[in-house]
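# Report on the structure
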Amino acid sequence: MTKNILVTNDDGVLAPGLLALAQEMRKLGTVTILAPDRNWSGSGHVKTLDRALRVREFHLDDGTQAFGGDGAPSDCVALATLGYFKEKFDLVVSGINVGANLGHDVTYSGTVTAAMEAVIAGLPGVAVSLEIPDGHVGPIDFGPSALAAGMAVRNVLQHGLPADTLLNVNVPFLKHEEIQGFRMTRQGLRVYHSRLDERVDPRGRPYYWIGGEAPTGVPESGTDVGALSDGFVSVTPLQLDLTAYRAVSEINTWNWHDPILSEVSLLRPSSVVAAEKQ
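The shown structure was predicted, so the numbers you read here are calculated from the model rather than taken from an experiment. (Residues numbered from 1 in each chain as written. Predicted model: local features only at pLDDT ≥ 70, side-chain atom pairs only at ≥ 80, totals over all residues. Heavy atoms only, no water.)

## Thoughts on the overall build of the protein
Note the threshold: By definition, any uninterrupted DSSP run of H or I lasting at least four residues is a helix, any uninterrupted run of E lasting at least two residues is a strand, and each is numbered from the N terminus. Partly exposed residues are those whose accessible area sits between 20% and 50% of the maximum for their type, while under 20% is buried and over 50% is exposed, using a 1.4 Å probe and protein chains only. Note on contacts: a residue pair is in contact if any heavy atoms of the two residues lie within 4.5 Å. For every accessible area listed, the method is Shrake-Rupley and the probe measures 1.4 Å; residues are considered covered only by the protein chains on display.
Across its full length, the protein holds 9 helices and 11 strands. Seen through its principal axes, the protein has C-alpha atoms that stretch 75 × 50 × 45 Å. Counting every position in the protein, which comprises 278 residues, the buried fraction comes to 41%. Summarising the internal contacts of the protein: among those between residues at least 6 apart in sequence, 75% fall at separations of at least 24. Here the protein has roughly 15800 Å² of accessible surface; of this, 54% comes from carbon and sulfur atoms.

Structural data, given as structure tokens:
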């Protein structure tokens, strides 16, 4: 049975990485594209509730029909899975992002959170990102990362994914023959070098840019950062359950009783407190 694959991204519907991804996904099934109509990099997991969302038709460089929404990547996935298209989808693939999404990046990344929205909708999600060297200028070859995406999606279609799980795939900036293979990894440590740049506009009012140098990473063995530094494609299973289970037992030993309850009782009328004790 032909699989229906939704393709999205956070770089915008006309981004070349999305076109490369869509062309590779056509080898695996029927592709539908709904992505933001502009760049939403770093948007995180967004659900737009305070305004209407609009969608319009685009055509990619190869003539492919695509649809662009004016919401975030996660909004686009929600629109698609909630009924904008009549067909039901078997899988959502997001990318190919310009720049790796490693470590804590996944909480900022529109690419990854689009795949998270797929999981919320009960579908497998795969996010694909291509590492870009700092200061790179010139065209980008998405061919190797598209092939890596194809390998990941083939495996997901064949084996499925555990419930509430998505794959975060990061590809090193290498030629296809230079890539060492695939590694299953955990999230590594991403080091951010952010700084606040304060300026003043012509009317004398201050405004701010969050800037700084590009983040770096600690190339520890077994992590997504380490895999890329060794020339491997990193495949990290992520889950939406953010519970810190190792901390539950310790935090449960804290005093959660008398002090807070006593303070709360002082703020309420004595008649209410007495009624609650009955």
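Right, picking up where we left off after that structure.
## Thoughts on the packing of aromatic side chains
Note on aromatic pairs: each is described by the distance of the centres and the angle between the planes. Our working definition: Each Phe, Tyr or Trp ring, with Trp reduced to its six-membered ring, pairs with another whose centre is within 6.5 Å; inter-plane angles below 30 degrees give stacked pairs, above 60 give edge-to-face pairs, and intermediate values give tilted ones. By definition here, charges over rings are those cases where NZ of Lys or CZ of Arg is within 6 Å of the ring centre and within 35 degrees of the ring normal.
Scanning the entire structure with this criterion turns up 6 aromatic pairs. Ring centres of F85 and F89 lie 6.0 Å apart, and the angle between their planes is 85 degrees; on these two criteria the pair is classed as edge-to-face. Looking at F89, the relative accessible area reads 8%, which means it is buried. Look at W254 and W256: their rings are 5.8 Å apart centre to centre, the planes differ by 25 degrees, and that puts the pair in the stacked class. With a relative accessible area of 44%, W254 lands in the partly exposed category. Put simply, the rings of F67, Y84, F85 and F89 touch in pairs and so form one group of aromatic residues. Over the ring of F232 we find R183; its NZ or CZ atom is 3.9 Å from the centre of that ring.

## Looking at the pattern of salt bridges
Applied cut-off: By definition here, a salt bridge exists when the distance from a side-chain nitrogen of Lys or Arg to a carboxyl oxygen of Asp or Glu is within 4 Å.
Tallying each qualifying case throughout the model produces 9 salt bridges. When the shortest N-O distance is used, the salt bridge between K27 and E24 registers 3.0 Å. Here D197 makes a salt bridge to R199, at a shortest N to O gap of 2.9 Å.

## Here we look at the environment of R183
The condition that has to hold: N or O atoms closer than or at 3.5 Å make up a polar contact, with two conditions inside protein: a donor-capable atom paired with an acceptor-capable one, and, for residues adjacent in sequence, both atoms drawn from side chains.
With respect to the helices, strands and loops of the structure, R183 is situated in strand 8 (residues 182–184). With relative accessibility at 31%, the residue R183 sits in the partly exposed group. Sequence separation of R183 and R199 is 16 residues, and the distance between their C-alpha atoms is 44 Å. A polar contact of 2.9 Å, which involves the side chain of R183, links it to the side chain of D230.

## Quick word on helix 1 (residues 16–25)
Counted residue by residue, helix 1 has 8 buried out of 10 residues, so it is predominantly covered. Within the span of helix 1, buried status applies to G17, L18, L19, A20, L21, A22, E24 and M25. Lining the buried residues of helix 1 we find strand 1 (3–8), strand 2 (29–36), strand 5 (91–98) and helix 5 (143–159).

## Quick word on the sheet that holds strand 6 (residues 125–130)
To keep it simple, the criterion reads: Strand pairing is assigned whenever DSSP detects at least two bridges linking the two strands. As a rule, the C-alpha atoms of each element are fitted with a line to give its axis, helices using only the stretch in contact, and angles between N-to-C directions run from 0 to 180 degrees.
Sheet architecture is open: 9 strands sit in the order 3-4-2-1-5-6-7-11-8, paired in mixed fashion. Every interior strand has two partners, whereas the edge strands, strand 3 (55–59) and strand 8, have only one. The mean inter-strand angle of the sheet, taken between neighbouring strand axes irrespective of direction, is 25 degrees. Sheet analysis places strand 8 next to strand 11 (residues 233–239), joined by 3 bridges and oriented parallel. Residue pairing in the sheet places R183 in a bridge with S234 of strand 11. Packing against the sheet, helix 1 makes contact with strand 1, strand 2 and strand 5, and its axis sits at approximately 140 degrees to strand 5.

## Points about the environment of T236
Considering the arrangement of structural elements, one finds T236 in strand 11. Residues T236 and R183, 53 residues apart in the sequence, show an inter-C-alpha distance of 8.5 Å.

## Side note on a nonpolar patch on the surface
Selection rule: A patch consists of residues exposed above 30% relative accessible area that lack any salt bridge, with like charges linked at up to 9 Å and nonpolar side chains (Val, Leu, Ile, Met, Phe, Trp, Tyr) linked at up to 5 Å.
Judged by side-chain polarity, M151, F182 and M184 come together as a nonpolar surface patch covering roughly 310 Å² of accessible area. Looking at M184, the relative accessible area reads 60%, which means it is exposed.

## Overview of the packing of helix 2 (residues 73–84) against helix 4 (residues 110–120)
Put simply, the test is: Angle categories are assigned with fixed cut-offs, so that under 35 degrees is roughly parallel, over 145 is roughly antiparallel, 65 to 115 is roughly perpendicular, and the rest are oblique. A clockwise turn of the near helix away from the far one marks a right-handed crossing, whereas an anticlockwise turn of less than a right angle marks a left-handed crossing. Classification convention: Asp, Glu, Lys, Arg as charged; Ala, Val, Leu, Ile, Met, Phe, Trp, Tyr, Cys, Pro as nonpolar; all other residues, Gly among them, as polar.
At their nearest, the axes of helix 2 and helix 4 sit 8 Å apart, and the two run at 25 degrees to each other. Classified by the interaxial angle, the pair formed by helix 2 and helix 4 is roughly parallel. By crossing handedness, the relation of helix 2 to helix 4 is classed as right-handed. Contact with helix 2, carried on its side by P73, S74, V77 and A78, involves G110, T113, A114, E117 and A118 of helix 4 and no other residues of that element. Split into classes, the residues belonging to the contact of helix 2 with helix 4 amount to 5 nonpolar, 3 polar and 1 charged.

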